[in-house]
Amino acid sequence: MCNKPYILSLVLKRTVFPLVAVVASLCLGGCGATPNFENAVTGQTGADGASSLSIDVPPGGAENADLLIAVLGIQANPNTSGPDGWTAAPGLAGFNGATCQSDGQGTACQLAVYYRIADGSETSASFSWGSMRRAAGAVLRFSNVDINAPIGATRVQRGSSARPTGPMVETTRDGSSVLRVVVSELDEARTFLSGPLALTDPPPTLRLNMVSFPDASTDPVNGCGPPLSACAATERAVGLAVSDTRHASAGASGPVRWELVGSDQWVTASIEIRRPPD
């Protein structure tokens, strides 16, 4: 039994939007070489949208070799370019990869995920897509990973409902973590938004939860509304949330679920993060 102390990690913010994307996470420190969440930095395009998004890389310790994972949720299905020198997670490169179902306005949303092993030179991760879109993104840092093959099994799932479901994956190594990511469109769910978040009841352990822009009660300078349901820009915004689950033994990870305030299109991914080999 591990009797090491708990270490408190906080999600950092690139811009000021208190509590919306700031999630305190309790990680078990020093309990063996399993992937450990260190911290994260988030970014948003804002209500006006943008053609690119640059997200600061969260700081690490004195030693590098941590896994950095850059996540982007974006409206529609643009020709997204990921950060230079980073590798796309299988099936999650951007255009025509992990996408939401179509609605009356075409493909509803897209999820892109890129990763790299930190060497200390990274300062930011930049995504671009060429046209004005509303997006939300983050860079997460994990320590105690397999630096030669940090990403294992990966699966994507999409649907249209008020209960986005992250798919089961067959993990390939004992002690892996599974990153759980969801992106949802909000044009249909917009009517039901009463606060700053669209996604609720997340699976453990929650690392971040946000929308393309905050509501004005949370951030009077950069926000819209309040509530977000009163903001016209919400119709073309996305919700983004990330959790990770730990799995002592290799095998089926089991699905996970979130709640969406109203039925809408969504896409999810489950991505195995592998610990160092024995």
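Residues numbered from 1 in each chain as written. Predicted model: local features only at pLDDT ≥ 70, side-chain atom pairs only at ≥ 80, totals over all residues. Heavy atoms only, no water.

1. Some remarks on the pattern of salt bridges
Inference 1: Under the counting rule described, the total for this entry stands at 10 salt bridges.
Inference 2: For Glu122, the salt bridge goes to Arg116, with nearest N and O atoms at 3.1 Å.
Inference 3: Overall, Arg116 belongs to the buried group, its relative accessible area being 19%.
Inference 4: Between Glu259 and Arg163 there is a salt bridge, and its shortest N-O distance comes to 3.1 Å. Of this pair, Glu259 sits in strand E22 (residues 259–260) while Arg163 sits in the loop between strand E13 (151–161) and strand E14 (165–166), and the two are 96 residues apart along the sequence.
Inference 5: For Glu259, a relative accessible area of 24% translates into the label partly exposed.
Inference 6: A single network of salt bridges, built from pairs that share partners, joins Arg116, Asp119 and Glu122. (Salt bridge = Lys/Arg side-chain N within 4 Å of Asp/Glu carboxyl O. Buried < 20%, exposed > 50% of the residue type's maximum accessible area, 1.4 Å probe, protein only. Helix = DSSP H or I, 4+ residues; strand = E, 2+ residues; numbered from the N terminus.)

2. So, the confidence of the model for the protein
Inference 1: In the predicted model, the protein carries a mean pLDDT of 88, and the fraction of residues at 70 or more is 88%.
Inference 2: Low pLDDT (under 50) marks residues 1–31, which in the prediction has 80 contacts with non-local residues, meaning those over four places away or in another chain. (pLDDT = per-residue confidence, 0-100. Contact = heavy atoms within 4.5 Å.)

3. A short note on the packing of aromatic side chains
Inference 1: Across all of its chains, the model carries 2 aromatic pairs by this definition.
Inference 2: Each ring, one from Phe37 and one from Phe142, has its centre 5.7 Å from the other, and the planes form 70 degrees; the classification is edge-to-face. In this pair, Phe37 is assigned in strand E3 (residues 36–44) and Phe142 in strand E12 (residues 135–143), connecting sequence segments 105 residues apart. The same class applies to Phe37 and to Phe142, which are both buried.
Inference 3: Here the aromatic rings of Tyr114 and Phe127 are separated by 6.0 Å at their centres, their planes lie at 75 degrees, and the arrangement is edge-to-face. Residue Tyr114 is located in strand E10 (residues 109–117), and its partner Phe127 is located in strand E11 (residues 124–133); the two are separated by 13 residues in the primary sequence.
Inference 4: In this structure Tyr114 comes out as buried when scored by relative accessible area, which is 9%. (Phe/Tyr/Trp six-rings, centres within 6.5 Å; stacked < 30°, edge-to-face > 60°.)

4. Examining the environment of Gly130
Inference 1: Topologically, Gly130 is positioned in strand E11.
Inference 2: For the pair formed by Gly130 and Ser52, sequence separation is 78 residues and the distance between their alpha carbons is 7.3 Å.

5. Quick notes on the side chain of Arg116
Inference 1: Structurally, Arg116 is set in strand E10.
Inference 2: Looking at Arg116, its side chain comes within polar contact range of the side chain of Asp119, at 3.4 Å.
Inference 3: Among the polar contacts listed, one links the side chain of Arg116 to the side chain of Glu122, at a separation of 3.1 Å.
Inference 4: When residues no more than four places from it in sequence are discounted, the contact partners of Arg116 are Asp66, Leu67, Leu68, Asp84, Gly85, Trp86, Ser121 and Glu122. (Polar contact = N/O pair within 3.5 Å; in protein donor to acceptor, adjacent residues only side chain to side chain.)

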